[in-house]
Amino acid sequence: GFDLAHEDLAGRFLPGYDFCAKLERSAAGSSACNETDDDPSLGGSHGTHVAGLLGAQGNNSRGIVGAAYGSNVKLLPVKIFDNTGNFADINGFAKGIRWAVGLEVNGIPINKYPARIINLSLGGKFDNSDGSVNTAALEFMQDAVDDADFAGALIVAASGNDGDRFVRSPAAANHVIGVGWIDETLRLSSFSNTSEIKRYGPGVVDLVAPGEKLLSTIPGGDYGVQSGTSMSTPMVSGIAALLLSREPQLSNDELAQRLASATYFDETYMNEAKYGKGVLRADVAFGLPGPGSTVNVLIGNSAQSALTTTTLDAYGNSESFTLPNLSAGTYRFTALSNGAGGQLFNSQEVTVLEGEQKTLEAIIRR
């Protein structure tokens, strides 16, 4: 469900759809979503929280900033769970994917705003009652994913939060970017599913992104903290949206490749089964300096200057730089990346008067 009137999401939403407006249970105990409507607002806080991480407004003195707010991103709210947020069926799941990209779904009005990116902060264990894998269900889901991919949408999905050695479907499907969850130390959460076993399809954890205690929008115009691969996934989708806003000609494969190559990978503790290609870095995706980049540091004026270099750490920061005993004048500290053509965001001045001496100390930070 989505709080369509949330102050930090106002103007972001396109007309969406609800594929499980009413849940019906049979006498045998089975459940099915038997009614649909055009109001995806009912449900828990999950959809609203994910929407905020993607597209909450920036520079409005409210709440948070979404990962893709600078791209004028629009959010297409598609609800496939019941109004409690606890049940969804595979038919609604597949219909929601197809409808999101503008494909025809029987009995449902055509979506006039086909999505370029589908964020799936959800997934399932597709098993039979005897514990075996439901291959028919996996093929059914793969067909929907293939249709969306052919229609031109990049699909990004959560790997799951069970601590399992396999990712959930549809993150495990072909043509899907599977996302894992890291904390602020860039370590994988013990709850984040990995790709050590391929149970539900050929897909793997492709990338990891922050998912630990992220603040975002929740229903009622409020804000709250949630954790999980559901939170990591919109961070990846948001960066993909930023790239598309700059380079709309990118194909799905080209966009996926750009994301996969814009990562930080530490071989001392990361492996591909758990971390995929590594931690997604927006700075690297846009050609800016990131972890491991060499940076020129210049401090000076017309009378005196000094030049040194440093290598940025895992967080894109630097060591501290000191230039002692500056003579009178105004000095500017500037950090420039080698080869990337992008200036880091730190640039400051210090003024030294006649008869005094100062030391300029600065650190490059994102």
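A brief look at the structure comes next. Throughout, a residue's number is its position along its own chain's written sequence, starting from 1. The model is predicted, so local features are restricted to residues of pLDDT at least 70 and side-chain atom pairs to those at 80 or more, both for listing and for counting; the totals for chains, interfaces and linings are taken over all residues. Hydrogens and waters are ignored; side-chain quantities use all the structure's heavy atoms.

Quick look at the overall build of the protein
Selection rule: Elements are defined by DSSP. Helices are runs of H or I of four residues or more, strands are runs of E of two residues or more, and each kind is numbered from the N terminus. Exposure is judged per residue with a 1.4 Å probe applied to protein chains only, and the accessible area is read against the type maximum: over 50% gives exposed, under 20% gives buried, and values in between give partly exposed. When checking whether two residues touch, look at their non-hydrogen atoms; a contact exists if any pair is within 4.5 Å. In this description, accessible areas are obtained by the Shrake-Rupley approach with a 1.4 Å probe, and a residue is regarded as covered only by the protein chains that are shown.
If you tally the helices and strands in the protein, you get seven helices and 17 strands. The 366 residues of the protein split such that 46% are buried. A sequence separation of at least 24 residues applies to 64% of the contacts in the protein between residues at least 6 apart. Accessible surface for the protein amounts to roughly 17,000 Å². Of this, 48% is attributable to carbon and sulfur atoms.

Considerations on the packing of helix H4 (residues 229-246) against helix H5 (residues 252-261)
When two helices pack together, their arrangement is captured by the angle between the axes and the distance separating the axes. Applied cut-off: Fitted lines through C-alpha atoms give the axes, limited to the stretch in contact for helices. The angle between two N-to-C directions lies from 0 to 180 degrees. With respect to orientation, any angle under 35 degrees is reported as roughly parallel, any angle over 145 as roughly antiparallel, any angle of 65 to 115 as roughly perpendicular, and every other angle as oblique. Note: crossing handedness is left-handed where the near helix turns anticlockwise from the far helix by less than a right angle, and right-handed where it turns clockwise. The nonpolar class holds Ala, Val, Leu, Ile, Met, Phe, Trp, Tyr, Cys and Pro. Asp, Glu, Lys and Arg form the charged class, and all remaining residues, Gly among them, are polar.
Between H4 and H5, whose axes approach to 11 Å, the crossing angle comes to 120°. One finds that H4 runs oblique with respect to H5. Of the two possible hands of crossing, H4 and H5 adopt the one that is right-handed. Packed against H4, whose contacting residues are Val236, Ile239, Ala240, Leu243 and Leu244, the element H5 presents Leu255, Arg258 and Leu259 at the interface. Looking at side-chain class alone, the contact of H4 with H5 contains seven nonpolar, no polar and one charged residues.

Observations concerning the environment of Met141
Summarising the element assignment, Met141 is placed in helix H3 (residues 135-150). On a C-alpha basis, the gap between Met141 and Asn91 in space is 8.8 Å, while along the polypeptide they are 50 residues apart. Residues contacting Met141, with those up to four places away along its chain left out, are Ile90, Phe93, Ile97, Phe126, Ser169 and Pro170.

A short note on the sheet that holds strand S3 (residues 78-79)
For the record, the criterion: Whether two strands pair depends on DSSP finding at least two bridges between them.
What the three strands build is an open sheet, ordered S2-S1-S3; its pairing is mixed. Taken across any chain shown, the strands that pair with only one partner, and hence form the sheet edges, are strand S2 (31-37) and S3. For strand S1 (residues 17-25) and S2, the ladder comprises five bridges, and the chain directions are antiparallel. Directly across from Glu24, in S2, lies its bridge partner Ala32. Along the sheet, helix H2 (residues 90-100) contacts S1 and S3; its crossing angle with S1, the most-contacted strand, is approximately 170°.

Details of the pattern of salt bridges
For clarity, the threshold we go by: Salt bridges are defined by distance alone: a side-chain nitrogen of Lys or Arg within 4 Å of a carboxyl oxygen of Asp or Glu.
Overall, the coordinates contain eleven salt bridges when judged by the stated rule. Across the pair Glu7 and Arg62 runs a salt bridge whose closest N-O atoms are separated by 3.3 Å. Here Glu7, found in the segment before S1, pairs with Arg62, found in the loop between helix H1 (46-55) and S3; they are 55 residues apart in sequence, far enough to count as distant. Taking the relative accessible area as the measure of exposure, Glu7 reaches 36% and is therefore partly exposed. Lys125 is the salt-bridge partner of Asp164, the closest N and O atoms lying 3.1 Å from each other. Taken together, the residues span a long stretch of sequence, with Asp164 in the loop between strand S5 (154-158) and strand S6 (177-182) and Lys125 in the loop between strand S4 (117-120) and H3 at a distance of 39 residues. Here Asp164 falls in the buried class, since its relative accessible area comes to 17%.

Any functional reading would require information that these geometric values do not contain.
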